[in-house]
Amino acid sequence: MSTTNGTSTASDKTDAETDDAGEQKKTEEIEKELHDEDEKEGSELRENIADSQVYTATSVSVIPKETRTKTHPLVLDWAYGMNQTLPVLSLQDEDKLVILYICAHVAVMYDHTSNTQHLLQGHCSPITCLCVSEDRRWLVTADMSQESLVIIWDAYTGIPVRTLFDCHPEGGVSALALSKDSKFLATVGAGAVQRVCIWNWTDESESPECQVDLSPKYGCQNQILFSPSENTQLVSNSSTQVLFYNWERGHLEYSSPEITDKTFNMVLGSLSQSIFHYNGVQAFTATSAGNIVLWDKQTESVSHQPVVRKAIKLVPLQKEAITVLTLTDSFIVTGDVNGHIKFYDGNLKLINLYNEFKLDPIRSISFSKEKPSDNSLGYPEACTVDAKSFVIRNFVLSTTHATAVHVNAQRNVPQTLLKEHAEPLEAVACHPKQPLVAMGSHSGTIKVWDYEHKEAVCSRVFQPHKQIHCITYDPQGFYLAVGFASGALQIVDACTLQSDGEECLQYSQDSITNLTFSQDSRYLAAADTGKAVTLLCRCKEGTQEIWKYQGRHHSHYKPIQDLLFGVDLDSSQPRLLSLGMDRRLVEYDLQNSGENGLLILNSDRIEQSAVPTCMVWYPPLTPEHFLLTASNLYKMKLFNATSKMCRKTVFGPSYGSPVKKMAILPASKDGDPNSRYMAYITKDKVGIQILPLDGNPHKSFAMICHSTGVSTLACSYDGRYAFTAGGEDCTVFSWELNLSSLEASAGLGGKDMLPFYNLLEGGRDGQLFKEMEEYFYYCQLQNQDLDTMETRLVSTRIPLADVPFLMRALGFYPTEQELEDMQNEVKFSRYAETRNYVTDIDLEEFIKLYVNHRPASGISRQELCSVFQVLGKPDDGGRYTIDRDELLELLQARGEHMTEDDLAECFTTLLGISAVGGSFTESLLESVLPPEISYETFATDILGFSSATQELSQEHGHDL
C-alpha cells in the first residue's frame, strides 16, 4: 500500500514538472508575441511619425494650388481683404516673407514672396483674436459665438493640431496668449463675467489647468500676456483697469492695483496695451494720453508669496495716443495714432523713431523671429549722442485702415504688403470677358483685381459720394456702372475707371440698390430704396456718347428685391422687369418710355403669402422659356417668360435661411450643353445647384462664406469662380467651383425616386408613404365606381382633378391659387413638346408634386403672435386681442373668398362641435367663439395646441 502510494507521488511530481515546463514555454511564447507586437507597433508608430507632415516640416510651406484637394464642390481659392481690428503677425522673414492675418472667419498665411495664400479654415464665426508662439511654430485663433472654438495650428503645414470646443460657452474668447515656451495657453472669455483660463494644450485634458472669474467692474479685458521670464505671471488690461495674475499648482489668482487720474494727479487716459519688462518683474501700460504707467513690486516678497505690483510712476512720453506697446530684444516699442513707431531702452530713453512713413494709426507691430546679423553695416544711426548703429529685427506693422507694411530695418525701407478696404464692402462684379473682378466699398474705393494672377489692376477713390452700394459691368465689358448710397450714379470706363462724359448722374436722393445693363448695352436701369426704378439710354450726341435720362417710376410700394433685363422672344427687343417685396413682378414699356417717362407694361402678383427674394432667367434646357424666382419660404418657381404663368414649383435649398441671390453659370464650352449649374447665396452661405431644378436636395451644396452675412454674389465669365462680398467684414472670398464633385455628391444621394422617398417622413417604409399608396389606389377605385361588378382596369394613374382631394387627405391644405399652380404644372408639363395637355398623374409624379409644394416648415408661435400684434389691439393687461366680428370679416373679405358657411364649418370642425341640423349660421359662430379672441385662445382653445408647443404642424399651419 505504501509502495503504491509512493509510486503515485513520484508520478504526480513528474507530471507537475512537465506542466510547469509547458507553462513556462507558453509564457515565453506569449512574451515573445507581445514583444513582437510591441516592436511592430513601435515600427508603425515610427513610420507614422516619419510620414506626419507636422513632425517632418521644418519651415513655413504654402501648399501649391495644384496639390490642394478638391473634394468639395466649393473650394476657397483666395481671400481679399483683412480684419483691420486684429494684428498682422510676422511668421517668416528670411528666404521668404510670410505674414498671418484674419479675413472674417478664416486665418490667412500670406507668402508675399510667391504671392500665394494658405487659408486656415475651421471657424464658423468671425475670428476675434489670434496669437503666435515665440518660435512662430504654433498659431492660435479663437472666435466669439455660442459654440466658440479655439484652434491651435501648425504654422509650418497649416494643419490644426488641437481644438478646444466650448471653452468659453458664455460668449466666446476676447483675448488669448501663448507662454514663451509655447506649453501654456491663456484665454479670456467674452461673457458678462469674464473667465480667465490657463490650458496645457499639449496634453489631452479637456479642462484647463486653472481658472478664475473676473468682476465686471474691471471692464472688458481685451488683452492678456505671459511674462517672458516666468510662465506663472500674466498681465491683462481693459480700457480702465490692469490685472496681474499668479498661478501655481492649479490655483489662479489676480490682483487689481488702483490706477486713476488721482494716482499721480495727471490725466491718465484710457489704457491700450500692457507688457512685462524684459527683467520679468516690472511692467508697462500705454494710455491714450501718451503716457506710460510703470508697475513694480510693492515690497520685497517672500519667495513663495505671489508678486504684488503697484503703479509707481507715470511717464509722459508724448501728447499723441499710444495704440501699440510691445517688446523686442532689449527695446520697448510704441506705435501711435500719427503712424509713428518709437524705440526705447529699458529706462524709457528714446533710442530711435520712424516718423517718415506717413502711415495711419498703428494697430499692431510684429517683429521677425530671425535675429539681425552681427554686422551693423547699413543700419541707421540711433537718435542718441553716441549715434551708434541701430540694429533691430525686421518688422511688420498694420494700421487701422487695413494696410500692412513690412520694414527692412537695415535698409530702413517700408514695403506695402496689403492695402485693403477699411469699410464695409457690399459691391462686387465680374468682367464679362476677362478674368477681372471689381470691388467697391463704403469708403468710396473701387479696386479691380486680376483673379487668375492675384494682382491689383487699377483702383479709384470716389470722394464726393463715398459709400458704394452696387456696381455692374455691361455685357460687352466697356462700361462699369457705380451706384452710391447718396442716390448718385456714375458710369466709368471698365479699364481705366475714369469717366469720359458727365462725372455724376443724380436723379434720386435714395440709395441705389440694384444696377443692370440690357444685353445690347444700350439701356441701364437702377433701383433704389425709394421703391422706384430709373432708366437711362445710351445715345450719340455729336461725336460723343452720352447716357440720357428716360424716366423714373415709383412702381412698388415695398422695397425692390431684384432688377433684370431680358430679351423679347418675338421682337428681340430688350425687356425690363423688377421684383418687389410687395410680391409684384413689374414689366416696363421700354419702347414707349422716354418723353413720357418710364411706363409700366404690366404688373402681376406672383405670390400669395411668400415674399420673393430674387429672380434670374432660367437657361434654355427646355423648348419653353422661363423666369426663375426664389422666395423666403424656401420655394423656387418657374414662370413662363411670356404669359407669367407659374409652371413649376420646387423645394429650394434649405440651409438655415432662404436664397437671396442667384446667378446662372455659363455653359461649358467643352462639356455637355445640357449640363447647367446655378450659384446662389443665402444669409451667410454660398451654394451651387445642379439644373434642371426638380426638388432633389442632393443636387445642391452650400457652405458658410461670411458668418456675419453675405451681401452679394458674382460669377466669373467662364463659370470657374464665384465671388462673395461680406459687407461688414470688409472681405471678398473667391470660390473655385468643382462641378464634378457636386455631381458625385448628387449621385451618392440616390437615383430616380430615392431622394424624394427620403423626403417623406419615414421614407418609403414609413406610414406616410403607405397612406399615399392607399389613397392613390382608393382614387383609382372611386373613378371606376366602387360598387361595380365589372372587371376593373388596373392603372398606375389617377385623374388630375383628384389631386386636391388627395393632398387634403394627407393633411396638406393648399389655397385655391396653389391648387391652380399644381394643376397647371402637370397640365402643361409636356405641352411645349407635344401640344397636348396632361390630364392624369401617376404615384411617383404625385410624390414629387407633394414634397415640392407642401410648406417647408410650419408656422411658429412667434409668427402667430406677431399676426395678433398687427391685426389686434392691446387690452389693459398688454395682451393683443382681435374682435370676433372683425376677424370673421377679415377672413371673408381678404385673401381668397370664404363664405359664412365655410367659416362656420372650419371653426366648428376645429372646435369639435357638430352643427345642429347640419346647418352653420352666424349665431352658431357667436356661440362657439368668444367676443375677444387672444393669441393664447386662438392657439390653445381653437387650434388645440398646448402652450409648450413651439411650432404648429405643417398641415394646421398652412390651413390657418
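Heads up: the structure comes first, above all this text.
Description of the structure in this document. (Residues numbered from 1 in each chain as written. Predicted model: local features only at pLDDT ≥ 70, side-chain atom pairs only at ≥ 80, totals over all residues. Heavy atoms only, no water.)

### Digging into the sheet that holds strand E26 (residues 362–367)
As summarised here, the arrangement of the 4 strands in space is E26-E27-E28-E29, forming an open sheet in which the pairing is antiparallel. The sheet is open, and its two edges are formed by E26 and strand E29 (413–419), each paired on a single side. The average angle at which neighbouring strand axes cross in this sheet is 20 degrees, direction not considered. The sheet contact formed by E26 and strand E27 (residues 395–399) spans 5 bridges and is antiparallel. Within the sheet, the bridge partner assigned to serine 366 lies in E27 and is valine 396. (Pairing = 2+ DSSP bridges. Helix = DSSP H or I, 4+ residues; strand = E, 2+ residues; numbered from the N terminus. Axes fitted to C-alpha atoms, helices over the stretch in contact; angles between N-to-C directions.)

### Thoughts on the packing of helix H12 (residues 884–893) against helix H13 (residues 900–911)
Where H12 meets H13, the axes come as close as 10 Å, and the angle between the chain directions of the two elements is 120 degrees. In terms of orientation, H12 and H13 fall into the oblique class. The interaxial crossing formed by H12 with H13 has right-handed handedness. Listed contacts from H13 to Leu888, Leu891 and Gln892 of H12 are Glu900, Leu903 and Phe907. When grouped by side-chain class, the residues that make up the contact of H12 with H13 number 4 nonpolar, 1 polar and 1 charged. (Parallel < 35°, antiparallel > 145°, perpendicular 65-115°, else oblique. Left-handed = near helix turned anticlockwise from the far one by under 90°. Contact = heavy atoms within 4.5 Å. Nonpolar A, V, L, I, M, F, W, Y, C, P; charged D, E, K, R; others polar.)

### Looking at the packing of aromatic side chains
Under the criterion given, the structure shown has 33 aromatic pairs. The interplanar angle of 65 degrees and the centroid separation of 5.8 Å between the aromatic rings of phenylalanine 517 and tryptophan 547 together place this pair among those described as edge-to-face. Taken as a pair, phenylalanine 517 in strand E38 (residues 512–517) and tryptophan 547 in strand E41 (residues 544–553) lie far apart in primary sequence, 30 residues in all. Among the residues examined, phenylalanine 517 registers a relative accessible area of 6% and is labelled buried. Taking 6.5 Å as the distance between ring centres and 50 degrees as the angle between the ring planes, the aromatic pair formed by phenylalanine 776 and phenylalanine 846 counts as tilted. Highlighted residues: phenylalanine 776 in helix H6 (residues 767–783) and phenylalanine 846 in helix H10 (residues 843–853), separated in sequence by 70 residues. When the ring centre of tyrosine 837 is taken as origin, the NZ or CZ atom of lysine 827, which lies over that ring, is 4.9 Å away. (Phe/Tyr/Trp six-rings, centres within 6.5 Å; stacked < 30°, edge-to-face > 60°. Buried < 20%, exposed > 50% of the residue type's maximum accessible area, 1.4 Å probe, protein only. Lys NZ or Arg CZ within 6 Å of the ring centre and 35° of its normal.)

### Focus on the pattern of salt bridges
Counted by the stated rule, this structure contains 27 salt bridges. Close ionic contact of aspartate 154 with arginine 137 constitutes a salt bridge, the shortest N to O distance being 2.5 Å. With aspartate 154 in strand E8 (residues 149–154) and arginine 137 in the loop between strand E6 (127–132) and strand E7 (138–143), this pair connects stretches of sequence that are 17 residues apart. Taking relative accessible area as the criterion, arginine 137 reaches 14% and is therefore assigned buried. (Salt bridge = Lys/Arg side-chain N within 4 Å of Asp/Glu carboxyl O.)

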